[in-house]
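Chain by chain, the residues run as shown.
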Amino acid sequence: MDSSIKDKMQPTLPSGHPGSSCPGPEWPEQDRAEQLARGAALKWASGIFYRPEQLARLGQYRSREVQRTCFLEARLKSVVQSYLEGVQTGVWQLSQALGAVQGVHEALSQAHGLIQGLAQASKSLEALREQVTQHKQLQALSQLLPRLQAVPASVTHTKMLIDAQQLLEAYVSLRELEQLQEEAWVSLGGLELPVFQGLGLLAEAMGHAVEEAAGAAGQLARTDPALLVAAIRVAEMEARRTPPQRRGPRDWQRRCLQALQAGLEQVHFGTTVLPKPGALAEWLKALQVALPAELATAEALVAPCCPPYYNVIRLWSHTLHNGLRRSLQQLLKGPELGATDAFTLLHWALHVYPGKEMMGSLELGPEADVSQLEPLLTSENIEKLEATFVVKVQASVAQWLQKALDGEVGEWSREQEPNTDPSGFYHSPMPAIVLQILAENIHLAGMVSESLQHRVHGMALSELGTFLKSFSDALIQFSQDHLSGEALAAHYVSYLLAALNHQSELSASLSILHFDGVAPGVLAPVEAGLDELQRRICRLVLEALQVELQPLFTALPSRQWLSSSELLDRVCEQTSNFCRDFRRIRNPEVQVLLAEAERTVVVQYLHALMQGRLVCRSADERAQAAQCLQHDAAQFKELFLSLGLEETAHCTPVLLAVRELLNLCDPTLLGLE
């Protein structure tokens, strides 16, 4: 191997530190290998020199090392030679590849030149190509010319078929024209012919005819089902047809379904047929007949004309329901409904519409899918209608109750006594009218919902309480006018007693305002009002009794009273005359009034006795006064027993207690007693 090549093959090692043969830190493996070799050599040398008998074998070791060194040098030369041969081979291959690349480059240059020549040649053929294209178009046009000449007549004929509602024939003709248009467009290379300009309008007219027939499906199913079937078949065929690339699908099927829904809604829920105020009941009654009839028509006549996947019965029920729901929402956004309309709408929407006569009919199969329908009225609608109904009814009830009270008050000034029933009791229709008005409204509200019934019940009790207060105020005014002399009543006490009977009838019949679900004690305020009215009437009657008896009691006590019973006889006679009409009062009020009358007479008697001045100079005179008290007590008891007062209700024993006081023999004990 040449020395220069050998020098090139050897790597240049970086120099270590001065005075050291070890390589620098750039070659740590070499440095470590050299250290290991030195260590092994030193170890071997130390073993040799440590034992002198081994020195004789030093020559052998030297020769062995020389042989090993020669062997390593030979192997290194072989490796370097193989490496150089590989490099030489690679350089040769690179030179061969360079030659091949240069050859390819020359071939590409030649091909580029040829392509440029062909492009120039193709430019000269452009005119020829255009002539060939025109020739092909003319050839195709000449072949289509007989059919193209018939296009205007076909368009006119198709338009006549559409106008004559012969939709299937018109659709076949339209498809033939469109197929011819497509063939001409493809044959002429995308060239549109003016002869087909009216084809788009013709297709649109066809779509409108299909929509119009679908919109009148209910009527056509009864009168001309063939036209309805034709319209739906046209829509279905167009849906299955693959449209040309230059236009999208017409989607007549979707338009047909929309027309079915729109036409159905327009028939029953057009804006012009919304009811005016006061006409809601008639409108709902008409719908109650029309909607089931429409569903029956859909099931019997329309469904057979449509594909099964149209779900005609479900489509009809949901369309009618949604149209009715929108109409009611629009109605509720208008002027506020009256009480009658609010009640009618609530009862119809909550009970009639979902009932067996309409959407809950057993004749509607599961195809109608009525369980998925939304409520006609939202909770907000129901709340608003109930509030409106309660407010309107409250105003009406207040007006009717006031009329009943005014009619009753107007009779108090009559010259005739109050009317009586067959049993002889004072009677007036006013209590029955009042309770009937309230009970009927509560019952009507219960026909709608429990919540409305509770609302109306609370309103009725409130208005009854107001009525009782007004009744009491009217009685007070009646009494004041009579006692002051401004308006003397010919039968003042009789009408007070009749009013007590009215209170009794109201109390006895108050239970008709009760219904299941009412909280206990809800009638307590009204009952308290009736009790207060009873006390007020009794007080007015007793005040009249006091007015009549007061002049008679002014003579108590006196010598005339001690010597004669004439004074008390007049008192008893006057009281008997006054209480004569008590028999026209029903129990238990008559017992209450008799007991209060007796108490009033006795109190007036004792009051006059205590306020007067009578000097008893001896025990005999006190015994005589005591005897008069005993006689008077017995006479009072007999009087009120004859008037009907029960034995246990008498308060005359108080007079006997005073008699015992006067019977005391020791005058000094009078003060103590």
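Everything quoted here is computed from the prediction, not taken from an experiment. (Residues numbered from 1 in each chain as written. Predicted model: local features only at pLDDT ≥ 70, side-chain atom pairs only at ≥ 80, totals over all residues. Heavy atoms only, no water.)

Asker: Got a minute to help me understand the overall build of the protein chain in this structure?
Answerer: Counting its secondary structure elements, the protein chain contains 23 helices and zero strands. Sequence-distant contacts, at least 24 apart, represent 74% of the contacts inside the protein chain between residues at least 6 apart. (Helix = DSSP H or I, 4+ residues; strand = E, 2+ residues; numbered from the N terminus. Contact = heavy atoms within 4.5 Å.)

Asker: I'm lost on the side chain of threonine 600 in this one. Help?
Answerer: For threonine 600, the position within the fold is in helix H20 (residues 589-611). For threonine 600, a relative accessible area of 8% puts it in the buried group. Apart from residues lying up to four places away in sequence, threonine 600 is in contact with Leu542 and Gln546. (Buried < 20%, exposed > 50% of the residue type's maximum accessible area, 1.4 Å probe, protein only.)

Asker: What is the right way to read the confidence of the model for the protein chain from this model?
Answerer: Interpretation of this model should avoid reading the predicted coordinates in detail wherever pLDDT is low. Here the protein chain averages 82 in pLDDT, while 85% of its residues score no lower than 70. The element-level mean pLDDT for the protein chain is lowest in helix H1 (residues 3-9), coming to 41, with helix H13 (residues 379-411) highest at 92. Predicted confidence is poor over residues 1-25, with pLDDT under 50, and the contacts of this stretch with residues over four places away or in other chains come to 24 contacts. (pLDDT = per-residue confidence, 0-100.)

Asker: Mind showing me how you'd approach the pattern of salt bridges here?
Answerer: Proximity of charged atoms lets side chains of opposite charge pair with each other. One pass over the full model with this rule turns up 19 salt bridges. With a closest N to O distance of 2.4 Å, arginine 586 and aspartate 421 form a salt bridge. Here arginine 586 is found in the loop between helix H19 (566-578) and H20, whereas its partner aspartate 421 is found in the loop between H13 and helix H14 (430-446), with 165 residues between them in sequence. Take arginine 586: its relative accessible area is 27%, and that puts it in the partly exposed class. Classification of aspartate 421 as buried rests on a relative accessible area of 12%. (Salt bridge = Lys/Arg side-chain N within 4 Å of Asp/Glu carboxyl O.)

Asker: Could you clarify how one ought to interpret H19 in this entry?
Answerer: Since the α-helix turns once every 3.6 residues, residues separated by three or four places project in the same direction. Its 13 residues place the ends of H19 18 Å apart at the C-alpha level, agreeing with the 18 Å of an ideal helix rising 1.5 Å per residue. Within H19 the residues assigned to the buried category are Leu567, Leu568, Val571, Cys572, Thr575 and Phe578. Along the axis of H19, the buried positions cluster into a sector of 135 degrees, meaning they face one direction only. (Expected span 1.5 Å × (residues − 1). Arc of directions from axis to C-beta.)

Asker: I'm lost on the packing of helix H15 (residues 450-484) against helix H17 (residues 524-553) in this one. Help?
Answerer: The description of two helices packed together rests on the angle between their axes and the distance between the axes. Relative orientation of the contacting elements H15 and H17 amounts to 10 degrees, with a least axis distance of 10 Å. In this view, H15 runs roughly parallel relative to H17, as classed from their interaxial angle. Here Leu461, Leu464, Leu468, Phe471, Ser472, Leu475, Ile476 and Ser479 of H15 come into contact with H17, specifically with Val526, Gly529, Leu530, Leu533, Arg536, Ile537 and Leu540. Residues that form the contact of H15 with H17 fall into these classes: 11 nonpolar, three polar and one charged. (Axes fitted to C-alpha atoms, helices over the stretch in contact; angles between N-to-C directions. Parallel < 35°, antiparallel > 145°, perpendicular 65-115°, else oblique. Nonpolar A, V, L, I, M, F, W, Y, C, P; charged D, E, K, R; others polar.)

Asker: What exactly am I supposed to notice about the packing of aromatic side chains here?
Answerer: The geometry of two aromatic rings is summed up by the distance between their centres and the angle between their planes. Tallying each qualifying case throughout the model produces 10 aromatic pairs. Geometrically, the ring pair formed by tyrosine 605 and phenylalanine 636 is edge-to-face, given 5.4 Å between the ring centres and 85 degrees between the ring planes. Here tyrosine 605, found in helix H20, pairs with phenylalanine 636, found in helix H21 (residues 619-643); they are 31 residues apart in sequence, far enough to count as distant. For phenylalanine 636, a relative accessible area of 0% corresponds to the buried category. Put simply, the rings of Trp412, Phe467, Phe471, Phe478 and Tyr492 touch in pairs and so form one group of aromatic residues. The ring of tryptophan 400 carries lysine 403 above its face, with NZ or CZ at 5.0 Å from the centroid. (Phe/Tyr/Trp six-rings, centres within 6.5 Å; stacked < 30°, edge-to-face > 60°. Lys NZ or Arg CZ within 6 Å of the ring centre and 35° of its normal.)

Asker: Please explain unusual backbone geometry as it appears in this structure.
Answerer: For residues other than glycine, phi is negative in most cases, and the peptide bonds are mostly trans. Following asparagine 587, the chain continues into proline 588 via a peptide bond in cis, with omega recorded as 5 degrees. Located in the positive-phi region is aspartate 251, a residue other than glycine, with phi close to 55 degrees. Topologically, aspartate 251 is positioned in the loop between helix H8 (225-240) and helix H9 (252-269). Located in the positive-phi region is asparagine 311, a residue other than glycine, with phi close to 50 degrees. Exposure remark for asparagine 311: the relative accessible area of 44% places this residue in the partly exposed category.

Asker: In this structure, what is going on with the packing of helix H6 (residues 199-215) against H9? I would like to understand it.
Answerer: It is the contact of H6 with H9, at a shortest axis distance of 7 Å, that shows an interaxial angle of 40 degrees. Comparing the axis directions of H6 and H9 gives the class oblique. Viewed along their axes, H6 and H9 form a crossing whose handedness is right-handed. Side by side, H6 and H9 meet where Ala203, Glu204, Met206, Gly207, His208, Val210, Glu211, Ala214 and Gly215 of the first sit next to Trp252, Arg255, Cys256, Ala259, Leu260, Gly263 and Leu264 of the second. Within the contact of H6 with H9, the residues separate by chemical class into nine nonpolar, four polar and three charged. (Left-handed = near helix turned anticlockwise from the far one by under 90°.)

Asker: For this particular structure, what's the right way to read a nonpolar patch on the surface?
Answerer: On the surface, a nonpolar cluster with roughly 290 Å² of combined accessible area is contributed by Tyr83, Val87 and Val91. Positionally, valine 91 belongs in helix H3 (residues 58-149). (Patch = residues over 30% accessible without salt bridge, like charges linked within 9 Å, V, L, I, M, F, W, Y side chains within 5 Å. Areas by Shrake-Rupley, 256 points an atom, 1.4 Å probe, with all protein chains shown as cover.)

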